[in-house]
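# A structural walkthrough
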2 protein chains.
Amino acid sequence: MPEHLGAPLIEPLFNRLVVVGVGLIGSSILRVARHQNLAAELVAVDLVESVCARVRALGIADHVMADPAAAVGGADLIIICTPVGAIGAVVAEIAPYLSAGAIISDVGSVKGAVVAAAQPHVPSTVHFVPAHPVAGTEYSGPDAGFSTLFLHRWCILTPPEGSDPGAIEALRRFWAGAGSNVEVMTPAHHDLVLAITSHVPHLIAYNIVGTAADLEEVTQSEVIKFSAGGFRDFTRIAASDPTMWRDIFLHNREAVLEMLGRFNEDLAALQRMIRWGDGQGLHDLFTRTRAIRRSIIAQGQETQAADFGRHGDLGGQDPD
Amino acid sequence: MPEHLGAPLIEPLFNRLVVVGVGLIGSSILRVARHQNLAAELVAVDLVESVCARVRALGIADHVMADPAAAVGGADLIIICTPVGAIGAVVAEIAPYLSAGAIISDVGSVKGAVVAAAQPHVPSTVHFVPAHPVAGTEYSGPDAGFSTLFLHRWCILTPPEGSDPGAIEALRRFWAGAGSNVEVMTPAHHDLVLAITSHVPHLIAYNIVGTAADLEEVTQSEVIKFSAGGFRDFTRIAASDPTMWRDIFLHNREAVLEMLGRFNEDLAALQRMIRWGDGQGLHDLFTRTRAIRRSIIAQGQETQAADFGRHGDLGGQDPD
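Residues numbered from 1 in each chain as written. Chains lettered and ligands numbered in written order. Predicted model: local features only at pLDDT ≥ 70, side-chain atom pairs only at ≥ 80, totals over all residues.

## Remarks on the overall build of chain A
Selection criterion: Each helix is a run of H or I in the DSSP string that is no shorter than four residues. Each strand is a run of E no shorter than two, and both are numbered from the N terminus. Here the radius of gyration uses the C-alpha set of atoms, whereas the globule reference equals 2.2 Å times the residue count to the power 0.38. Each residue is classed by its C-beta neighbour count within 10 Å, where at least 20 other C-beta atoms makes it buried, 12 or fewer makes it exposed, and intermediate counts make it partly exposed; the C-beta atoms are placed from backbone geometry. By the criterion used throughout, residues are in contact when their C-beta atoms, derived from the backbone, lie within 7 Å.
Within chain A, the secondary structure is distributed over 12 helices and nine strands. A globule of 320 residues ought to have a C-alpha radius of gyration of about 20 Å, and chain A, at 22 Å, matches this closely. Projecting the C-alpha coordinates of chain A onto the three principal axes gives extents of approximately 65 × 45 × 40 Å. Across the 320 residues that make up chain A, the buried fraction comes to 55%. Considering only residue pairs separated by 6 or more positions, chain A has 77% of its internal contacts joining residues 24 or more positions apart.

This is the structure we're talking about:
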């Protein structure tokens, strides 16, 4: 698998790309769009003045502004990269200023609620193609972005029924240009898939870190010292942006509660195996879960290097 | 913080070190003992002939044998690195052949049950100092070991009351020589601390991977494709050795069930916040958990590099 983005496009795919909300994802989109020549002109919009100042200092956009309505005129692609709860309001605000034929998209981790909140505001002359690049780190803000964030990751498009095939294809080419594999599914199916592959994992990571912080018998200092036994891996995803994740849980409530219900049922069964000493049952489950890990590595969604020991930061694996 | 092991010792700490069970941990002990000159003579013991053959091929011990009773004569340090459930039987088997003054230790992730199973067999002429190096990777077997596995990690000693201070100090120096920080605590406290920092995290990781594998609405192929959203991080620890982990849960039952009970209570509260749309409560928890992550990084138990995007394997962070 190639480790770098390929050659930049000779002709850009879009004339004017507007990114609204310049955090980890928004700034990574600007970086890869510049690096790969995906759009001729890059416009960054953020309501927070300190974020605008950082984006200017980083030099990752041609124009940086605070007002989305003023930014979108003449744009042929607008990608909204705010937390999920703000997307509907941004679409309502920019709607009167959009150019005919423009594509509005987003990067929200929830799709059903976003479509419900945004679609009523989309003018009939404009295409709405929601998207979700399944990529990220535990860091936030414009400085955290990098141009290879989407490389070999999947981007899911969830176009509403009756969407213009040309607009879907144009957005597919944009994400392919950013290095992503692209898949199309319904918003409802997206929300179920992400509930199990992302939302519930984050929820239980946040939860166990909270549980550990509240113990009386074990001090916080002990939890930190001995975190290399497994806990450490959970703190990584429990360090993700709080506002973004609050919005995800509030907006994908039904799918999250459904998947959490299944998780709880299975955990109760596991708890019972431990209580009753069912070693065979435990061994069977622990063997089955190894196979899934192997598939994830085989499909390039993970590196095979042993990372749990974190010897990557310790000068590499010793040959002896 | 230094990234490598320091200079080897001029004089070895022990004359003859016997490692019983040469998996990830046992083979890492042999490698670091050789690298740092912690013992003059290294003896590897494993019941499995194919493991002995690999250890011979790797050349990480001076002698490789299948019979622990035949190996321990003349040894001044014996470290048992089998799964937790086998430690008591190994101690019973080698007891008649131990030299006076020898130290028996182990590396089990559970201490109360190990002490209960092993101590009755320990001859009065021998010192028993159980230990647990809190380090590992998701890989198993003699090839998976490396000499820096224990570097900057904590090793917990749980000597029974009345242990010889000289024996405790000798074992402390051994682990310090392997690059570890060493702490002493009671077996019961160790088992509580590890239940929350290691055992319950592994249990919920195994559990969610199992839940995801059993869904009908979401295919296994989708789970694998979109695992970069968080699920991937759980599969890493859910790929750990099944026998080792079965034994841990069976032998630390009470502490695990106690911590799991707290985890479940907290998860029920979080579930309720989602159901009732308590955004403030979610945001508060998600903010609090960030602080713990920062402490873990500050204390050198984790690298600060954004790893969630796994761009380490993609040629490094792009500067633009």
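Let us keep going from here.
## Let's talk about the sheet that holds strand β9 (residues 181-184) of chain B
All names here are of chain B. Going by this rule: Here, a strand pair is defined by DSSP locating no fewer than two bridges between the strands. As a rule, the C-alpha atoms of each element are fitted with a line to give its axis, helices using only the stretch in contact, and angles between N-to-C directions run from 0 to 180 degrees.
The three strands lie next to each other as β7-β8-β9, forming an open sheet whose pairing is mixed. The open sheet has two free edges, formed respectively by β7 (131-133) and β9, since each of these has just one partner strand. Each adjacent strand pair in this sheet contributes to an overall mean axis angle of 20°, direction not counted. Inspection of the sheet shows β7 paired to strand β8 (residues 154-157) by three bridges, in the antiparallel sense.

## Comments concerning the sheet that holds strand β2 (residues 39-45) of chain B
All names here are of chain B. Strand order in this open sheet of six strands is β3-β2-β1-β4-β5-β6, and the pairing throughout is parallel. Both outer strands of the open sheet, β3 (63-65) and β6 (127-128), are each paired with one neighbouring strand and no more. For strand β1 (residues 14-20) and β2, the ladder comprises six bridges, and the chain directions are parallel. Paired with R16 across the strands is E41, a residue of β2. Helix α6 (residues 165-177) contacts β4 (77-80), β5 (103-106) and β6 of the sheet and is inclined by roughly 50° relative to β5.

## Observations regarding the interface of chain A and chain B
Going by this rule: When residues are grouped by polarity, Ala, Val, Leu, Ile, Met, Phe, Trp, Tyr, Cys and Pro land in nonpolar, Asp, Glu, Lys and Arg in charged, and all others, Gly among them, in polar.
Contacts between chain A and chain B engage 108 residues on the former and 107 residues on the latter. Of all the secondary-structure elements, those providing two or more residues to the side of chain A that touches chain B are α1 (24-35), α7 (187-213), α8 (220-225), α9 (231-237), α10 (242-251), α11 (253-276) and α12 (279-298) of chain A. Among the elements that make up the side of chain A that touches chain B, the one with the highest residue count is α7 of chain A (19 residues). A breakdown of the residues in the side of chain A that touches chain B according to their chemical character gives 51 nonpolar, 32 polar and 25 charged.

## Points about the pairing of strand β4 (residues 77-80) of chain A
All names here are of chain A. The following threshold applies: By definition, the crossover connecting two strands over a helix is right-handed if that path, from the first strand to the second, turns clockwise as seen with the strands pointing away from the viewer.
Residue alternation in β4 divides its side chains into two sets, L77 and I79 and I78 and I80, and both sets are buried. Where strand β1 (residues 14-20) meets β4, four bridges bridge the pair, whose relative direction is parallel. When the bridges of β4 are listed, V20 appears paired with I80. The pairing of β4 with strand β5 (residues 103-106) spans four bridges and is classified as parallel. Among the inter-strand pairings, L77 is bridged to a residue of β5, identified as I103. Each parallel crossover has a hand, and for β4 linked through helix α4 (residues 87-94) to β5 it is right-handed.

## So, the environment of A7 of chain B
By secondary structure assignment, the location of A7 of chain B is in the segment before β1. Separated by 252 residues in sequence, A7 of chain B and M259 of chain B place their C-alpha atoms 41 Å apart.

## What about the relation of the copies chain A and chain B?
As a reminder of what qualifies: Here the copies are superposed with least squares, the fitted atoms being C-alpha atoms of residues at a pLDDT of at least 70 in both.
The transformation that overlays chain A on chain B combines an axial shift of 0.0 Å with a rotation of 180°, and the residual RMSD is 0.0 Å. Look at the turn and shift together and you get a two-fold axis relating the two. Residue D233 of chain A of chain A places its C-alpha closer to the rotation axis than any other residue of that unit, at 3.5 Å. With an isologous cut-off of 70% or more, the 99% of interface residues of chain A that recur at the interface of chain B puts this contact in the isologous class.

## So, the nonpolar core
Selection criterion: By convention in this section, buried Ala, Val, Leu, Ile, Met, Phe, Trp, Tyr and Cys residues joined through C-beta atoms within 7 Å make up a nonpolar core.
Counting 212 residues, the largest nonpolar core has V19 and I78 of chain A together with V19 and I78 of chain B as its most contacted members. The contacts of V19 of chain A, once residues within four sequence positions are left out, are G26, I29, L30, A44, V45, I79 and C81 of chain A.

## Topic: the confidence of the model for chain A
Residues and elements named next belong to chain A. To keep things clear, this is the line we draw: One number per residue, pLDDT, summarises how confident the predictor is, and it ranges from 0 to 100.
The predicted model of chain A averages 91 in pLDDT, with 93% of residues at 70 or higher. Residue range residues 307-320 is modelled with pLDDT below 50. Its contacts to residues more than four positions away, or to other chains, number 32 contacts. Scored as a whole, the predicted complex attains pTM 0.86, and scored at its interfaces, ipTM 0.86.

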